[in-house]
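# Fold and geometry: a report
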Amino acid sequence: MNILSLVVNLVLAILIAPLLDGLRRKITARLQNRVGPPITQSWHDVIKLFSKESILPEAGGFLFVVVPILTLVLSLSMFATMSTVTAQAPIEEGGIIFIELVVLSAFTFAIAGSASGNPYGVVGGSREVILATIVEPSMIASLVSLVLLRGSATLDYSTTGYIALLPLLMSGLAYFLCLLAESGRTPFDVAEAESELSGGPLIEFSGPSLATLKLGNYLRNLALCSIPAFYISALIAPKLDGVGYSVAVVIPYLVSLILCTLVLSLAESLNARFRLLEASRFYGFVLLLSAASLALAYLAPALGW
Amino acid sequence: MVEEIRKQFPKMLITTSSIRGNTWLIELSKENLPAVLEYAHNVQGGNLLTMVATDRVDIEDDYLIDYVLGWYELGQILVFRAKTRRGEETFNSITPFVPCADWYEREAKESLGLIPVGHPNPRKLLMADDWPDDLFPMRKGFKVDTQVPKKETSSFPFESPENSSMFNIIPYGPYHFAIHEPIYFRFHADGERIVGVDLRAGFNYRGLEKIAESRLTYENIPFIAERVCGICGSVHAEAYSQALEGAAGFEPPERAKWIRVAMLEMERIHSQLLWLGVASHMVGFDTGLMQFWRVRDKIMGLAELLTGNRKQYGMIVPGGVRRDIREDKRRTALQVISEVQMEYEELLGAVLGLDTLKKRLIGVGYLSNEEAKKYSVTGPVARASGVSIDVRRDFPYEAYGSLEFKTPVESGGDVLARTLVRANDVLESIKIMRQVLETLPGGPVHEPIDYIPPDVTSVGLVEGPRGTDAHYLITGRDNTVYRWRVRAPTYANLPAAKLMLEGETLADASIIIGSIDPCISCAERVVVVDLRSGIEKIVLGENLGRRLS
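Owing to the predicted nature of the structure, the values given are computational and were not obtained by experimental measurement.

Right, let's talk about the overall build of chain B for a bit. For chain B, the helix and strand inventory stands at 18 helices and 15 strands. Counting only C-alpha atoms and orienting by the principal axes, one finds that chain B spans roughly 60 × 60 × 55 Å. Long-range contacts, defined here as pairs at least 24 residues apart, represent 69% of the contacts in chain B between residues at least 6 apart.

Here it is in structure tokens:
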């Protein structure tokens, strides 16, 4: 366990997660001919919410109090499994734990909905569960093929595996498509669906508990947006010594964040919200893609690509 | 049409007389009313424009019950009138076979105490829950400044489908972020599928008509009428002015007629663009919202240039219009219209090419042609179900007779069809605007109306952005109206929302309700909200008090 990189990860994550959301909002605004809020806006939102009163709905019990904290903890734990701007990851073999955490946090969000007892929250929660069930298999398959290709489940920038270009690109594409749904933004914001369910699972949360949930979601999105850095580093196979260090580690990471934000903003501005049924059809194809990449990643060394 | 009905019911009609060129008054006894109306609406296909009950106990000791039906293809309006004496406050309901009369008859019951006998659904419609059952605000004896005692609040009896305990109750409203106006739909949902819909309106009712007939003069009312709605203000002012001018036999000056058309069309463009934006937002396409409203803002700027206001223009008054359009403004307006047309066409092409957007609109909220006729829906909702009705074309008022335009009609009956009707409406309106501005005739813009005879019944029809706006008017003495009844298009369209919603999913509820472009304040004729009503489980009136204290 590498304590230093864990500390670096956590501090960095908490600082830039809301900024990344702010960046997404800014880009989306520009694409919609708006000036948009400053990129620090999401930070202001969170800080303001912490100063507000938290209202406990009559139907909300123990779960309602616990879920926001759980969300935040799960999202923070994701940063213990990967390296962001440090060469070494906090723990070995973190990729597998990361997959677990992503799945778990989607379901926590759904529980947040039903914990409030609000019918909109319940519907939003059930949508989140259905969407997660549809998307997670593709997500898992694409991440497992990444692990196979890199030859190690440790999410850092060293590569020991047999990098085959085709399965890597397929897996990367599948990951990007899953990211759209996992991030919970339009066109896959079926759970929150502002104009249908008025925030779905979030509907009854307010003040600090809402801020905690939001911060948890920002962190989760940051973690998800960090993963493409490992695709990039697998592609360009960095040399982790001397002057090349910062270029090899920081650049792929920043590129990954900005690329993901751009993709999310574009998808958000150019689409209407999917219905669940259409989303499941869409992810049927993505599942095929990621399964194919997994099979190819497994077979690549044998085929000698 | 009068002849047809006379032939069918030779003994039932008491008198028939012509009020205006295209409007006839048919008097019959109240026992015969249902049979004649069933024939006129269901067999002859008349569109129920409005139904008005009037208290005349101060002059004739009776109540008037008027059903107004319109035949668009013939350009005829028939007012079916029955009378009932004081002490005999009942009439036979026609709702069992003409379902669109539902709301009108409930309103007559609440505002005048006339009981519709045989009405299948005589629940409260407009008045607050704590309004006493024996006070009727539209009766002449009710003074507008009466201090109303509060009644013990009773909960509203909602309808439930069979086996309702198996389903989730999803409240949609009274304040729902997607609609922005108070209306309460109560869904029974099986998972995401809507199996039962009940609708409660009335959160907005403030008795504007009572204020008009007791406090305002003829000349004040257009300004209040304009404030019936935040979007289609000129439509209401125009419908009122038309009804009043019709009653006085007055023709406004030529130039005023053309300027009125310009106002109405400008309002139509901005209203339809507003709807296109809101509809985009409802299906999660916020870029559409931003872009449509960007184009719309040019029209708002144009409105400010021509009238001095972005909204509530105060232009249309009985006798003409209040402001002229100056030559330089006319030229600027033409230029703005061209810009809007260019940007709009480009935008519409891009938006309608979006696959995800189209998928959300196709096949949802279906309303068949037969249902559209049966429910007498109006405007884009009717035209999207293949019912080609348009007041501008069928009852040409002001300068519409000499203008060239098409009425967009679609046959799909779904939300996409309604979207296309509105989208094409904008292009037609731009065409009309250009014609008006290019050929604006000279002359005065206002002439005073010398004499308005009392006790004349008159109907004013205007094609608003949402459909036919019908104003019914009985002139009075002392420079005031005796009875004024506003029937905004949403009043006709909203009851049909129930049909569109059943069997659809919750995800589509917003866009389906949105697709009729509901204007609740229009339907209930209001300015301010003043009621907290019983919503089971959420906040009851007394609960709200408790929570606030």
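Residue and element names in this part refer to chain B. Looking at chain B as a whole, its pLDDT mean stands at 83, while 95% of the residues score no less than 70. Ranking the elements of chain B by mean pLDDT puts helix α18 (residues 541-548) last with 41 and helix α14 (residues 415-438) first with 91. Here residues 526-549 is modelled with pLDDT under 50, and outside its nearest four sequence neighbours on either side it reaches 38 contacts, counting other chains as well. The ipTM for the predicted assembly is 0.80, set against a pTM of 0.85.

All names here are of chain B. We note that the domain assignment places domain 1 (2-154) and domain 2 (208-524) within chain B. For domain 1 versus domain 2, the separation of C-alpha centres amounts to 26 Å. Facing 26 residues of domain 1, the contacting portion of domain 2 comprises 26 residues. Elements represented by at least two residues in the side of domain 1 that touches domain 2 include exactly β1 (13-20), β2 (23-28), β3 (47-55), β5 (76-85) and α3 (102-112). No other element matches the 6 residues that β3 contributes to the side of domain 1 that touches domain 2.

Now for the packing of helix α6 (residues 233-248) of chain B against helix α7 (residues 254-282) of chain B. Relative placement of two packed helices is described by the angle separating their axes and the distance separating the axes. Residues and elements named next belong to chain B. Where α6 meets α7, the closest approach of the two axes is 8 Å, and the angle between their N-to-C directions is 145 degrees. Between α6 and α7 the crossing geometry is left-handed. Of α7, the residues touching α6 (which contributes Ser 234, Val 235 and Glu 238) are Arg 260, Met 263, Leu 264 and Glu 267. Residues of the contact of α6 with α7, tallied by class, amount to 3 nonpolar, 1 polar and 3 charged.

The next point concerns the interface of chain B and chain A. Between chain B and chain A, the contact holds 24 residues from the first and 22 residues from the second. When contributions to the side of chain B that touches chain A are tallied by element, the ones reaching two or more residues are β8 (168-172), α7, α8 (286-307), α10 (355-361) and α16 (506-515) of chain B. Broken down by element, the side of chain B that touches chain A gets its largest block of residues, 5 residues, from α8(B). Here the side of chain B that touches chain A is composed, by residue class, of 12 nonpolar, 7 polar and 5 charged.

Okay, the sheet that holds strand β13 (residues 457-464) of chain B next. All names here are of chain B. A sheet is described by the order of its strands in space; here 3 strands give the open sequence β13-β14-β15, paired in antiparallel fashion. Each end of this open sheet is capped by a strand with a single partner; those strands are β13 and β15 (481-487). Taking each pair of neighbouring strands and ignoring which way they run, the sheet shows an average axis angle of 15 degrees. Here 8 bridges tie β13 to strand β14 (residues 467-475), and the two strands are oriented antiparallel to one another. Following the sheet pairing, Gly 460 is matched in β14 by His 471. Across the sheet, α6 touches β13, β14 and β15, and the angle it forms with β13 is around 150 degrees.

The subject of this paragraph is the sheet that holds strand β9 (residues 184-190) of chain B. All names here are of chain B. Read from one edge of the open sheet, 3 strands run β8-β9-β10, paired in antiparallel fashion. This sheet does not close on itself; its edge strands, each paired only once, are β8 and β10 (193-200). On average, adjacent strands in this sheet sit at an angle of 25 degrees to one another, irrespective of strand direction. Pairing of β9 with β10, which is carried by 7 bridges, proceeds in the antiparallel orientation. Across the sheet, residue Asp 190 finds its bridge partner in β10, namely Arg 193.

Rules used in this analysis
- Residues numbered from 1 in each chain as written.
- Chains lettered and ligands numbered in written order.
- Predicted model: local features only at pLDDT ≥ 70, side-chain atom pairs only at ≥ 80, totals over all residues.
- Helix = DSSP H or I, 4+ residues; strand = E, 2+ residues; numbered from the N terminus.
- Contact = placed C-beta atoms within 7 Å.
- pLDDT = per-residue confidence, 0-100.
- Domains from an automatic or database assignment.
- Axes fitted to C-alpha atoms, helices over the stretch in contact; angles between N-to-C directions.
- Left-handed = near helix turned anticlockwise from the far one by under 90°.
- Nonpolar A, V, L, I, M, F, W, Y, C, P; charged D, E, K, R; others polar.
- Pairing = 2+ DSSP bridges.

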